[in-house]
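Here's the letter readout for the chains.
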Amino acid sequence: MFRIAILPATAFGLLLSQNADADAVLGDLHLNVIPRTVDEVERISRVTQPTQDFNQPERFEANQAGAATVRPRDTTNAFSQASGNISFERELDFKVGNGLFKKLWVSSPSSTLASDGLGPLYNARSCQRCHLKDGRGHPPQGPDDSTVSMLMGVSIPGGPGIAEIEGYIATLPDPTYGKQIQDFSVAGHSAEARFEITYEQIEISLSGDEIATLRAPTYTVSDYGYGASHPELMISPRVAPQMIGLGLLDAIPAADILALADPEDLDGDAISGRAQIVMSRAYETPMLGRFGLKAGQPSVWEQSAAAFHGDIGISSTLFPTAYGDCTRQQAACRTAPDGNTAIHDNAEIGDEGLALVTFYASNLGVPARRDVDDPQVLRGKQVFYETGCTACHTPKFVTHRLADQPEQSFQLIWPYTDMLLHDMGPGLADNRPEGRANGQEWRTPPLWGIGLTETVSGHSYFLHDGRARSLLEAVLWHGGEAEAHKDKVINMPPDDRTALIRFLESL
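Residues numbered from 1 in each chain as written. Predicted model: local features only at pLDDT ≥ 70, side-chain atom pairs only at ≥ 80, totals over all residues. Heavy atoms only, no water.

Chemist: I keep staring at the layout of surface pockets and nothing clicks. Help me out?
Modeler: To find leftover empty space, one rolls a probe the size of a water molecule over the atoms. The computed volume of the second largest pocket comes to approximately 650 Å³. Counting only elements with at least two residues in the lining of the second largest pocket, the list comes to α1 (22–25), β1 (33–34), α2 (38–47), α6 (254–258) and β12 (397–398). Tallied by class, residues from the lining of the second largest pocket come to 16 nonpolar, seven polar and five charged. (1 Å grid on protein atoms, 1.4 Å probe; cavity = no way out; pocket = protein on both sides within 12 Å on 5 of 7 lines; lining within 4 Å. Points joined across faces, edges and corners; volume = space filled by probe spheres on them. Helix = DSSP H or I, 4+ residues; strand = E, 2+ residues; numbered from the N terminus. Nonpolar A, V, L, I, M, F, W, Y, C, P; charged D, E, K, R; others polar.)

Set out below in structure tokens:
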């Protein structure tokens, strides 16, 4: 099963700089790593170099997740398969974890000790409710849309700095509404608020007399259930991301990610990727942030625990308070009956249950590429590379060799992300800092599986808040460090633009 172990505090007092030694300060503490040999390091360096040949697919390119790649399906279950190299015994753990991922939690007290503890305030009753079919969420499409998988993060300026994390931008939860708006509640409690979206249409002129229409959202939070929010409230709408390949992203060596960071743009390419550094709850030391739209969590394990606590109101040994995100000003919420029990490690989901959900999330398989040898796809790949998209969407990595995670161990993977923070310009800004990330920075999202979004999720909404209705719209929203690359897409021959989108659809 997935390695779960809580260690005592280590290295908490280290002052972390961008150039800190990755092994000494940002070691991959959540992984049981077998060090690479000198020969392996040299071989990995060769195999991960970007290609210069676009006449044919690269070797192993179709297997985006290495041996963990799964057969592509044309059904909504395309993202719900177990790693292709998983053993029969470990697939049983995967299926049990899937059951916990889908389980509907109920309020306390309940006739069952295994499923109670919901809320009292929450965004969803299960993990699956947001990550529908393990795919991408979407914003509401109307007042009666019951399949929305979107939440609203909140915070206010200020707060104590964390000296151990250089560059940390201090913020505080809203004193009344905490870290996010919970738009549902159990009986006897009021939901916190609701939010609405309005869109302004923006036309973009493209080469070849083509026109693209973007929709710029405006968000309004209203119907507050516990009084007015803070006057300097900062909000950040987030749709649930797809779940595939998380264990492989977790297994990329921190040192390989940090090697791509260039915060001062020393190479002069106008791309200044920065590492997100977060304080790990499990290890009480700074770690590389990997998961979340601004890389706010260091591992699948901690991301899972945080989502249980913030989204469903379910406690764990990492987040032991049974009332979820309820604040001091929500006294009734804090004193409501809860589901913390001794048989679940004095929490609502015990370490074993959380480990099974983490194992499930870590082993959702990445489907194989389609049409890798199609001439238009190969041309689109060349356009992708020559436009400079790979400056952020790094094509290839090799994962750590791991002693107890055979599915993720030493795999050549093609996620198309550098896992770093990038300034995406004012158009995509949420103006809400998170850790080291400022209000215009986002983690580069992985692109594998993006072409199957409509198959799995029944829509083609992209970006952090689902504003883009197509891959082309998502590209045209790029700004900041990607402004020049977006302009190239706008001005390139229409056939090249079509080929670029065709390449993305093949991922």
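Chemist: Help me out: how do you make sense of the pattern of salt bridges in this one?
Modeler: Pairing is possible between side chains of opposite charge, provided their charged atoms come close. The final tally for this structure, using the stated rule, is 20 salt bridges. Put simply, D430 and K294 hold a salt bridge, and the shortest N to O gap is 2.9 Å. A residue pair is termed long-range when its members are at least 10 positions apart, and D430 in the loop between β15 (421–423) and β16 (441–443) and K294 in the loop between β11 (286–288) and α7 (300–312) qualify at 136 residues. In this structure, D430 and K294 share a single accessibility class: buried. Here the salt bridges share partners, and the residues they tie into one network are E58, E61, R369, K381 and K396. (Salt bridge = Lys/Arg side-chain N within 4 Å of Asp/Glu carboxyl O. Buried < 20%, exposed > 50% of the residue type's maximum accessible area, 1.4 Å probe, protein only.)

Chemist: I'm lost on the side chain of R369 in this one. Help?
Modeler: If you trace the backbone, R369 turns up in the loop between α9 (351–362) and α10 (375–387). At 3.1 Å, the side chain of R369 and the side chain of E61 are in polar contact. Every residue in contact with R369, bar those within four places of it in the chain, is listed here: E61, A62, Q64, V377, F503, S506 and L507. (Polar contact = N/O pair within 3.5 Å; in protein donor to acceptor, adjacent residues only side chain to side chain. Contact = heavy atoms within 4.5 Å.)

Chemist: How should I be thinking about the nonpolar core in this particular structure?
Modeler: Generally speaking, soluble globular proteins have nonpolar side chains that are buried together. Core analysis: the largest hydrophobic core is formed by 57 residues, its most contacted members being F94, W105, L288, F308, I312 and W448. Setting aside anything within four residues of it in sequence, one finds F308 in contact with W105, C127, G313, I314, I349, L354 and V357. Counting residues in each nonpolar core, the second largest holds 37 residues, with I44, L214, L428 and L447 among its members. (Core = buried A, V, L, I, M, F, W, Y, C linked by side-chain atoms within 4.5 Å.)

Chemist: Mind showing me how you'd approach the packing of helix α3 (residues 88–102) against α9 here?
Modeler: When two helices pack together, their arrangement is given by the angle between the helix axes and the distance between those axes. Between α3 and α9, the shortest axis-to-axis distance is 7 Å and the interhelical angle comes to 105 degrees. One way to sum up the angle between α3 and α9 is to call them roughly perpendicular. The residues of α9 that touch α3, namely those facing R90, D93, F94, V96, G97, N98, L100 and F101, are G353, L356, V357, F359 and Y360. (Axes fitted to C-alpha atoms, helices over the stretch in contact; angles between N-to-C directions. Parallel < 35°, antiparallel > 145°, perpendicular 65-115°, else oblique.)

Chemist: Would you mind going over the state of the cysteines with me for this structure?
Modeler: By definition, a disulfide links the sulfur atoms of two cysteine residues through a covalent bond. Evaluated as defined, the whole model comprises one disulfide. In this model C389 remains outside any disulfide bridge; the closest cysteine sulfur is found in C392, 8.9 Å from its own. A residue is classified by how much of its surface remains accessible, and C392, at 14% relative accessible area, is buried. (Disulfide = S-S within 2.5 Å.)

Chemist: Explain empty space enclosed by the protein here, please?
Modeler: Tallying each qualifying case throughout the model produces four cavities of 30 Å³ or more. Looking at the largest cavity, its volume works out to about 60 Å³. In this structure, the largest cavity is lined by 13 residues; those nearest its centre are P120, A322, A336, P337 and D338.

Honestly, it's all geometry; don't read function into it.
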